[in-house]
Amino acid sequence: MWPMSGSERPSERRGATRTAVLWDALQPVLAGGPGLDVLDVGGGTGGLAVRVAEQGHRVTVVDPSPDALAALGRRARELGVEVAGVQGDLASLAEVVGAGSVDVVLCHGVLEVVADPAAALRSLRAVLRPQGRLSLLVAQRHAAVLARAMAGHFTQAAAVLRGEDSARSGHRFTAEEVHGLLAEAGLAVHGTHAVRVFADLVPGSLLDLEPGATAALLELERAVAERPEYLPLATQVHVLAGPAS
């Protein structure tokens, strides 16, 4: 777990409610001992990568943006950790890091923006070691429909429901669709988690002003994270997968 400190700023407390379930799910994967080879695809400025490096793992970020990689380098230096930054994309992933060379691949918020999600997953599968793990975080379609409808954007909600807005705002997936794409890529699912079921619906002012509200929300998010009936309400779906035997 990643407990919160009472000294954290309101924005940090709100951020924790959105990431706690993800970190909880990653801990068993990262706890196999220090020194894992971890690849963060599309890791940008290193908000995730640096935190993993602080646990003693060897982390490489592959990202197409040189500006993001420069910011990653500054962040890593400020926190006294080493994170390698490599400019590249999913299409050239095996050439950049080598096939079968990675223990853990982090692919968070990337599958939505690639032209061919199935091909992207095959590229991720190619760099994993036989006992490796993929941490995949994707936007979930049903929650996007609900969010647009609640905001009064009914036409947009209908377009998202039909999957017709991917060219403009990226792909969104149901858990079943993700599972199917992973199977086609030769990856077996080891765990599925609902992320941000309630966190995006609760007003930030409530968390800032109501004593104990943030901690209670965190516990509620954790309580429903592995309950399949809540997956359609989650803003994101997180899946742990590994090479199928």
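Before reading further, recall that the structure is shown in the block above.
Since the structure is predicted, the reported quantities are computational estimates derived from the model, not experimental observations.

## Section: the overall build of the chain
Along the chain, the regular secondary structure elements total 11 helices and seven strands. Against the 2.2 N^0.38 benchmark of 18 Å for 245 residues, the chain shows a C-alpha radius of gyration of 18 Å, consistent with a compact globule. The principal-axis extent of the C-alpha atoms belonging to the chain is close to 45 × 45 × 35 Å. Per-residue burial for the chain yields a buried fraction of 48% across its 245 residues. Surface summary for the chain: the accessible area is close to 11,700 Å², and the carbon and sulfur share equals 55%. For the chain, the separation between the mean place of its 21 positive charges and that of its 27 negative charges on side chains is 2 Å.

## Details of the pattern of salt bridges
Evaluated as defined, the whole model comprises eight salt bridges. Measuring nitrogen to oxygen at the nearest pair gives 3.1 Å for the salt bridge that ties Arg141 to Glu177. In this pair, Arg141 is assigned in helix α6 (residues 141-150) and Glu177 in helix α9 (residues 175-184), connecting sequence segments 36 residues apart. Judged by relative accessible area, Glu177 falls into the partly exposed class, the value being 31%. Glu229 is the partner of Arg227 in a salt bridge, and the nearest nitrogen-oxygen pair spans 2.8 Å.

## Quick look at unusual backbone geometry
Even without a glycine there, the phi angle at Arg196 is positive, about 65°. Within the secondary structure, Arg196 is located in the loop between β6 (187-195) and α10 (204-209).

## So, a nonpolar patch on the surface
On the surface, Leu146, Met150, Leu201 and Leu233 cluster together into a nonpolar patch covering about 390 Å² of accessible area. Tracing the backbone through its elements, the reader meets Met150 in helix α6. Given a relative accessible area of 62%, Met150 falls into the exposed group.

## Side note on the packing of aromatic side chains
How two aromatic rings sit relative to each other is given by the distance of their centres and the angle of their planes. This structure, assessed with the given rule, holds one aromatic pair. Geometrically, the ring pair formed by Phe198 and Tyr230 is edge-to-face, given 6.2 Å between the ring centres and 65° between the ring planes. Pair noted here: Phe198 is in the loop between β6 and α10 and Tyr230 is in the loop between α11 (213-224) and β7 (236-243), with a separation of 32 residues, a long-range link. Over the face of the ring belonging to Trp23 we find Arg51, whose NZ or CZ atom lies 4.4 Å from the ring centre.

## Considerations on the nonpolar core
Ranked by size, the top nonpolar core spans 35 residues in total, and within it Val105, Leu121, Leu124, Leu134, Leu136 and Leu182 carry the most contacts. Looking at this core, the elements that each hand over two or more residues are β1 (37-41), β4 (102-108), α5 (117-127), β5 (128-139), α9, β6 and β7. A total of five residues in this core trace back to one element, the largest contributor, which is α5. Residues contacting Leu136, with those up to four places away along its chain left out, are Cys107, His108, Leu111, Leu121, Val178, Leu182, Val237, His238 and Val239. Core analysis: the next-biggest nonpolar cluster, separate from the first, contains 26 residues, Val21, Leu30, Val52 and Ala76 among them.

Rules used throughout
- Along each chain, the written sequence defines residue order, and numbers are assigned to residues from 1.
- Per-residue local features are limited, in this predicted model, to residues with pLDDT of at least 70; the limit for side-chain atom pairs, both in listing and counting, is 80 or more; totals at the level of whole chains, interfaces and linings are taken over all residues.
- The side-chain figures draw on all heavy atoms in the structure; neither hydrogens nor water molecules are used.
- Helix and strand labels come from DSSP, where a helix needs a run of H or I of at least four residues and a strand needs a run of E of at least two; each type is numbered from the N terminus.
- The reference for a compact globule is 2.2 Å times residues^0.38; the radius of gyration itself is calculated from the C-alpha atoms.
- A 1.4 Å probe rolled over the protein chains alone gives each residue an accessible area, and that area as a share of the maximum for its type sets the label: buried under 20%, exposed over 50%, partly exposed in between.
- All accessible-area figures derive from a Shrake-Rupley calculation using a 1.4 Å probe, and residue coverage is judged against the displayed protein chains alone.
- For this count, His and the chain ends are skipped, Lys and Arg are scored as positive, and Asp and Glu as negative.
- For this purpose, a charge sits on NZ of Lys, CZ of Arg, CG of Asp or CD of Glu.
- Salt bridge criterion: a side-chain nitrogen from Lys or Arg within 4 Å of a carboxyl oxygen from Asp or Glu.
- Like charges within 9 Å and nonpolar side chains (Val, Leu, Ile, Met, Phe, Trp, Tyr) within 5 Å are joined into patches, using only residues over 30% in relative accessible area that form no salt bridge.
- Note on aromatic contacts: the rings of Phe and Tyr and the six-membered ring of Trp form a pair at centre separations within 6.5 Å, being stacked when their planes are under 30 degrees apart, edge-to-face when over 60 apart, and tilted otherwise.
- In this scheme, the term charge over a ring applies when either NZ of a lysine or CZ of an arginine sits within 6 Å of the ring centre and within 35 degrees of the ring normal.
- What makes a nonpolar core is a set of buried Ala, Val, Leu, Ile, Met, Phe, Trp, Tyr and Cys residues whose side-chain atoms join them at distances within 4.5 Å.
- We call two residues contacting when some pair of their heavy atoms lies within 4.5 Å.

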